[in-house]
Amino acid sequence: NAGVTQTPKFQVLKTGQSMTLQCAQDMNHEYMSWYRQDPGMGLRLIHYSVGAGITDQGEVPNGYNVSRSTTEDFPLRLLSAAPSQTSVYFCASSYSPPGVTEAFFGQGTRLTVV
Amino acid sequence: EDQVTQSPEALRLQEGESSSLNCSYTVSGLRGLFWYRQDPGKGPEFLFTLYSAGEEKEKERLKATLTKKESFLHITAPKPEDSATYLCALCAGGSEKLVFGKGTKLTVNP
């Protein structure tokens, strides 16, 4: 099992550009989430999904879009990148709701918006 | 509002010097409290889950405990490879969202 795979690992964008952060898991987990991690702050939930076709907003959803067409994939789209979106992004998956069982995290995508 | 506060922000220990990390929380009904370890440039790695006050779990040099207001991560005779940032997270009853603390950065010097 590869676990949770995120691509790319690093990305530099210009303000206003769009891009998609990819996340794939091979554990057949129903629950998937996207977090951002900024210096001096805890991980903050952006969007999450409880199964294919079902997504919901987390704590900081503005400027991001998600969809879940398959169990395995949960891409995060930045529609028009802003410097405030410079951060490290983590995707996570879990078998049960995150508060019930442990979440497995990817290695992260470090995004810089200039 | 559910809150998680970790202390200290950073901790330096000598190899073999035992200590504890604190995670204080406020929540309207705890569903689960989690400890994760995060190495630089990596994603968080699961350590423990605690569900109710009085529960304890151990793994090698680490022991996690839980009361109604806080959780402790005790590190016994730490080694340099225990150096990492330790994250505490909780999920409130009826929620499907994890709330993370800011973490404690632990450095163990040889």
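As a starting point, this report considers the structure included with it. By convention here, each chain's residues receive numbers from 1 onward along its written sequence. Chain letters and ligand numbers both follow the written order, the letters beginning at A and the numbers at 1. Totals for whole chains, interfaces and linings use every residue, but because this is a predicted model, local features are given only for residues with pLDDT of at least 70 and side-chain atom pairs only at 80 or more, for both listing and counting. Side-chain numbers here rest on the full set of heavy atoms in the structure, without hydrogens or water.

**Regarding the nonpolar core**
Alright, step 1. Put simply, buried Ala, Val, Leu, Ile, Met, Phe, Trp, Tyr and Cys residues joined by side-chain atoms within 4.5 Å make one nonpolar core. Residue burial is assigned from relative accessible area. The probe radius is 1.4 Å, only protein chains are included, and a residue is buried under 20% of its type maximum, exposed over 50%, and partly exposed in between. Counting 22 residues, the largest nonpolar core has Trp35(B), Leu73(B) and Tyr86(B) as its most contacted members.
Alright, step 2. Secondary-structure elements contributing two or more residues to this core are β2 (10-14), β3 (19-26), β4 (30-38), β5 (45-50), β7 (62-66), β8 (70-75), β9 (84-92) and β11 (104-109) of chain B.
Alright, step 3. Considering every element that reaches this core, the biggest residue donor is β9(B), with four residues.
Alright, step 4. When residues no more than four places from it in sequence are discounted, the contact partners of Tyr86(B) are Gln6(B), Leu21(B), Trp35(B), Tyr36(B), Arg37(B), Leu47(B), Leu62(B), Leu73(B), Gly103(B), Thr104(B) and Leu106(B).
Alright, step 5. If you look at the next biggest cluster of nonpolar residues, it comprises 19 residues, including Val4(A), Met32(A), Ile46(A) and Leu76(A). Only DSSP runs of H or I reaching four residues or more are called helices, and only runs of E reaching two or more are called strands; each is numbered from the N terminus. Only heavy atoms enter the contact rule, under which two residues are in contact if any of them lie within 4.5 Å.

**Some remarks on the interface of chain A and chain B**
Reports of interface size often rely on the accessible area that becomes lost once the parts have come together.
Alright, step 1. Tallying the contact residues gives 22 residues for chain A and 19 residues for chain B.
Alright, step 2. Summed over both sides, the interface between chain A and chain B buries roughly 1700 Å², with carbon and sulfur atoms accounting for 58% of that surface.
Alright, step 3. A per-residue breakdown of the area chain A buries against chain B is headed by Leu43(A), Gly99(A) and Phe105(A), which together make up 26% of the total.
Alright, step 4. By convention in these notes, a salt bridge is any Lys or Arg side-chain nitrogen within 4 Å of a carboxyl oxygen on Asp or Glu. Taken together, the connections running from chain A to chain B amount to zero salt bridges.
Alright, step 5. Whenever a nitrogen or oxygen atom comes within 3.5 Å of another N or O atom, the pair is scored as a polar contact, on the condition that within protein one atom can donate a hydrogen and the other can accept it, and that pairs from neighbouring residues in sequence are kept only if both atoms are in side chains. Applying the counting rule to chain A against chain B returns three residue pairs in polar contact (both at pLDDT 80 or more).
Alright, step 6. Of all the secondary-structure elements, those providing two or more residues to the side of chain A that touches chain B are β4 (31-37) and β5 (44-51) of chain A.
Alright, step 7. Following the grouping adopted for this structure description, the nonpolar residues are Ala, Val, Leu, Ile, Met, Phe, Trp, Tyr, Cys and Pro, the charged ones are Asp, Glu, Lys and Arg, and the polar ones are all others, Gly among them. Along the lines of polarity and charge, the residues of the side of chain A that touches chain B split into 13 nonpolar, eight polar and one charged. Here the buried area means the combined drop in accessible surface, using a 1.4 Å probe, for two parts upon being joined, counting both sides.

**Looking at the environment of Ala10(B)**
Residue and element names in this part refer to chain B.
Alright, step 1. Relative to the elements of secondary structure, Ala10 occurs in strand β2.
Alright, step 2. Its relative accessible area of 56% is what places Ala10 among the exposed residues.
Alright, step 3. The spacing of Ala10 and Val99 is 89 residues in sequence and 20 Å in space, taken between C-alpha atoms.

**Quick notes on the side chain of Gln6(A)**
Residue and element names in this part refer to chain A.
Alright, step 1. Among the secondary structure elements, Gln6 is positioned in strand β1 (residues 4-7).
Alright, step 2. Polar side-chain contacts of Gln6 include one of 3.2 Å to the backbone nitrogen of Gly108.
Alright, step 3. For Gln6, the contacting residues outside a window of four places in its chain are Gln22, Trp34, Tyr89, Phe90, Cys91, Gly106, Gln107, Gly108 and Thr109.

**Remarks on the state of the cysteines**
All names here are of chain A.
Alright, step 1. To count as a disulfide, a pair of cysteine sulfur atoms needs to be within 2.5 Å. Going through the model one piece at a time under the given rule, you end up with two disulfides over all chains.
Alright, step 2. In this model Cys23 forms its disulfide with Cys91; the gap between the sulfur atoms is 1.8 Å. Its S-S torsion of approximately -70° makes the covalent link between Cys23 and Cys91 left-handed. With Cys23 in strand β3 (residues 19-25) and Cys91 in strand β9 (residues 87-94), this pair connects stretches of sequence that are 68 residues apart.

**Let's talk about the sheet that holds strand β7 (residues 64-66) of chain A**
All names here are of chain A.
Alright, step 1. With antiparallel pairing, the four strands of this open sheet are ordered in space as β1-β3-β8-β7. Of all the strands in the sheet, the pair left with one neighbour each is β1 and β7. Between one strand and the next, the sheet's axes are offset by a mean angle of 20°, whatever the strand orientation.
Alright, step 2. If DSSP finds at least two bridges between two strands, the strands pair. For β3 and strand β8 (residues 76-78), the ladder comprises three bridges, and the chain directions are antiparallel. All axes here are fitted lines through C-alpha atoms, helices being fitted over the stretch that makes contact, and every angle between N-to-C directions spans 0 to 180 degrees.

**Some words on the pairing of β5(A)**
All names here are of chain A.
Alright, step 1. Counting buried positions along β5 gives seven out of eight residues, so the element sits mostly inside the fold.
Alright, step 2. Judged from the five bridges that link them, β4 and β5 form a sheet pairing that is antiparallel. Residue pairing in the sheet places Met32 in a bridge with Ser49 of β5.
Alright, step 3. Counting the residues between successive antiparallel strands, the hairpin from β4 to β5 contains six residues, one of them, Gly40, with a positive phi of roughly 80°.
Alright, step 4. Of the strand pairs in this sheet, β5 and strand β6 (residues 54-57) are connected by four bridges, and their pairing is antiparallel. Each bridged residue has a counterpart across the sheet, and for Ser49 the counterpart in β6 is Thr55.

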